[in-house]
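# Architecture and fold: a report
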Amino acid sequence: MKLLVVLLAATAFCAVSAIPLVPRDNSHYVEGVSRYIWMPDDEGNQYLIDLQAPIEDDIVSLNAGNRNEYWLFTRRNRNSRQILTNGNANSIRNSQYNGNRPTMVLTHGWNSNGNTNWINQVKNELLAQSDVNVIVLDWRRDASNAIYLPSARNVVGVGRALANFLNFLLDTGGSNWNNVHIIGHSLGAHVAGNAGRSGRQRPSRVTGLDPAGPNFGNNADALNRNSATYVESIHTNGNSLGINDVISHADFYPNGGRRQPGCGNLDQACHHGRAPLLFAASIRSSHLVGRRCNNLSEANNNRCTGGSLVLGNINMGKRGSGIYAMTTRNSWPY
Ligand SMILES: *[C@@H]1O[C@H](CO)[C@@H](O)[C@H](O)[C@H]1NC(C)=O
């Protein structure tokens, strides 16, 4: 009997700590429990990440955020970035930045950079629909580690540096935090969260596009409701690369929030990359409408029938709260 108990315990332990052998297959993964997870980079390379690996201090950049770059795009320079520099007022004055217009900030995730596809797509949609300042944060120097954990830790320093820069930009350019909407994908959602909590005031909005899951459950450094007046998250690969937890004022779980139609079952990059595309599609029209859920389990089963709230959009004054789910199509504009 004792042996059986020990065996059962060992089996249960193995179930959460065994090394998964099939690249991309995260079906073993339990948010907040599992030790290993497969993660893709922008090129589709697969990495098996040990979420309990010790982090050596010299790998974690003590100066995280010092190497952030801020690229400005407006309707007057849609395709050629202007580099803005914290503390350099001329870099603002000599640019196309206009403090009378809203400022939209875009932040990428792990092993990615400011040129990644979704950033270009959202930037182009934003400028097509609205005369705004688009600031792309490129934090690749602190986001490019062969292992995930140091990048995950860097979201704090990178987010604080972004907030310091925005304090300076808004002062110099004659605007304020009520005119700011920060939009981040994956680890970039947590960068946005930290930035939102670190500025002189709260931004009007933060949108988390499938905020990164691994190591961010019950983590004070994650995106949360203190990050903006209105925080919204769009969960598309929960309990895998994205977080399934409810962390925002309004949390959307399209198609249940874990897997997305049109993606191969094991194609986590596709499921995880759907949130930025849904957001991009929401800029032009308000066809993506969530129905309110009584709880997370209803959302994950896509069985919600309560009141409606539109997903995404770029209305600076948007407000809302609750858990929402809906069914989308499998291709653009979903
Ligand atoms: C979620 O809410 C529904 C409707 O109120 C209820 O039937 C169900 O038991 C709830 N599920 C959980 C896990 O609380």
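Here the structure is a predicted model, which is why all the values come from computation and not from measurement. (Residues numbered from 1 in each chain as written. Predicted model: local features only at pLDDT ≥ 70, side-chain atom pairs only at ≥ 80, totals over all residues. Heavy atoms only, no water.)

## Side note on the overall build of the chain
When you go through the chain residue by residue, the secondary structure sums to eight helices and 13 strands. Relative to a compact globule of 334 residues, whose C-alpha radius of gyration would be 20 Å, the chain shows 20 Å and is just as compact. C-alpha atoms of the chain, sized along the principal axes, occupy 75 × 50 × 30 Å. Residues counted as buried form 53% of the 334 residues belonging to the chain. Pairs at least 24 residues apart make up 67% of the contacts formed inside the chain by residues separated by at least 6 positions. When the 30 positive and 22 negative side-chain charges of the chain are each reduced to one mean point, those points stand 8 Å apart. (Helix = DSSP H or I, 4+ residues; strand = E, 2+ residues; numbered from the N terminus. Rg over C-alpha atoms; globule rule 2.2 N^0.38 Å. Buried < 20%, exposed > 50% of the residue type's maximum accessible area, 1.4 Å probe, protein only. Contact = heavy atoms within 4.5 Å. Lys, Arg positive; Asp, Glu negative; His and termini not counted. Charge placed at Lys NZ, Arg CZ, Asp CG, Glu CD.)

## So, the packing of aromatic side chains
Two aromatic rings, taken as a pair, are described by how far apart their centres are and by the angle between their planes. Following the criterion strictly, the structure yields five aromatic pairs and no others. Look at Y47 and W110: their rings are 5.5 Å apart centre to centre, the planes differ by 75 degrees, and that puts the pair in the edge-to-face class. Taken together, the positions of Y47 in strand β2 (residues 46-50) and W110 in the loop between β5 (103-107) and α3 (117-129) put the pair 63 residues apart, joining distant regions of the chain. The exposure class assigned to Y47 is partly exposed, which follows from its relative accessible area of 24%. We classify W110 as buried; its relative accessible area is 8%. A centroid spacing of 3.9 Å and a plane angle of 0 degrees characterise the contact between Y70 and F165, whose relative ring orientation is stacked. Taken as a pair, Y70 in strand β3 (residues 69-74) and F165 in helix α5 (residues 148-173) lie far apart in primary sequence, 95 residues in all. With relative accessibility at 5%, the residue Y70 sits in the buried group. Of the residues examined, F165 reaches a relative accessible area of 0% and is grouped as buried. Every member of this aromatic cluster is reached through a ring pair, and the members are Y47, W110 and Y148. (Phe/Tyr/Trp six-rings, centres within 6.5 Å; stacked < 30°, edge-to-face > 60°.)

## Brief notes about the sheet that holds strand β11 (residues 289-292)
Overall, mixed pairing links the eleven strands, which are arranged β4-β3-β6-β5-β7-β8-β9-β10-β13-β11-β12 in an open sheet. Where the open sheet ends on each side, the last strands, each with one partner, are β4 (77-84) and β12 (308-310). Neighbouring strand axes in the sheet, compared pairwise and without regard to direction, differ in orientation by 25 degrees on average. Packing of α3 onto the sheet brings it into contact with β3, β4, β5, β6 (133-138), β7 (180-185) and β8 (205-209), and relative to β5 it is tilted by some 170 degrees. Sheet contacts for α5: β3, β4, β5, β6 and β7; angle to β6, the most-contacted strand, approximately 150 degrees. (Pairing = 2+ DSSP bridges. Axes fitted to C-alpha atoms, helices over the stretch in contact; angles between N-to-C directions.)

## Re the packing of α5 against helix α6 (residues 187-198)
One can describe the packing of α5 onto α6 by two numbers: an axis separation of 7 Å at closest approach and a directional angle of 35 degrees. Considering only the axes of α5 and α6, their crossing is right-handed. Between α5 and α6, the contacting residues are Y148, S151, A152, V155, V156, V158, G159, R160, L162 and A163 on the first element and L187, H190, V191, N194, A195 and S198 on the second. Residue composition of the contact of α5 with α6, grouped by class: ten nonpolar, five polar and one charged. (Left-handed = near helix turned anticlockwise from the far one by under 90°. Nonpolar A, V, L, I, M, F, W, Y, C, P; charged D, E, K, R; others polar.)

## Thoughts on the nonpolar core
Side chains of a nonpolar character, in soluble globular proteins, are inclined to be buried together. Within the largest apolar cluster, 50 residues are counted, with the highest numbers of intra-cluster contacts made by Y148, L162, L187 and F216. Going through the elements one at a time, β1 (36-40), β3, α2 (89-93), β6, α5, β7 and α6 are the ones with two or more residues in this core. The dominant element in this core, judged by the number of residues it contributes, is α5, at 14 residues. Apart from the residues lying within four places of it in its own chain, the contact partners of F216 are Y148, A152, V155, L187, H190, D221, A222 and I243. Judged by nonpolar contacts, the second largest core, of 32 residues, contains L209, L278, A280 and L311. (Core = buried A, V, L, I, M, F, W, Y, C linked by side-chain atoms within 4.5 Å.)

## Description of the confidence of the model for the chain
Confidence in the prediction of the chain, expressed as mean pLDDT, is 92, and 93% of residues score 70 or more. Here residues 1-14 is modelled with pLDDT under 50, and outside its nearest four sequence neighbours on either side it reaches zero contacts, counting other chains as well. (pLDDT = per-residue confidence, 0-100.)

## Notes on the packing of α3 against helix α7 (residues 268-284)
Put simply, α3 and α7 touch, their axes get as near as 9 Å, and they point 10 degrees apart. Taken together, the axes of α3 and α7 are roughly parallel relative to one another. Between α3, through W118, Q121, V122, E125, L126 and Q129, and α7, the contact on the second element is made entirely by P276, L277, F279, A280, I283 and R284. When the residues that make up the contact of α3 with α7 are grouped by side-chain class, the tally is eight nonpolar, two polar and two charged. (Parallel < 35°, antiparallel > 145°, perpendicular 65-115°, else oblique.)

## Description of the site of the ligand
N294, N295, S297 and E298 make up every residue found near the ligand. One of the side-chain N or O atoms of N295 is found 2.4 Å from an oxygen atom in the ligand. In the model, an oxygen atom of the ligand is placed 3.5 Å from a nitrogen or oxygen of the E298 side chain. Isolated, the ligand exposes 360 Å² of accessible area, and the fraction of that covered by the protein chains is 32%. Among the residues forming the shell around the ligand, the class breakdown is no nonpolar, three polar and one charged. (Near = heavy atom within 4 Å. Polar contact = N/O pair within 3.5 Å; in protein donor to acceptor, adjacent residues only side chain to side chain. Areas by Shrake-Rupley, 256 points an atom, 1.4 Å probe, with all protein chains shown as cover.)

## Brief notes about the state of the cysteines
In this structure the tally under the stated criterion is two disulfides. Through a disulfide, C293 is tied to C304; the S-S separation comes to 2.2 Å. Taking the torsion about the sulfur-sulfur bond, which here is approximately 100 degrees, the covalent link between C293 and C304 counts as right-handed. You can see C293 sitting in the loop between β11 and α8 (296-300) and its partner C304 sitting in the loop between α8 and β12, a full eleven residues away along the chain. Using a relative accessible area of 11% as the deciding quantity, one classes C304 as buried. Across the chain, the way the bonded cysteines pair up, counted in sequence order, is 1-2, 3-4. (Disulfide = S-S within 2.5 Å.)

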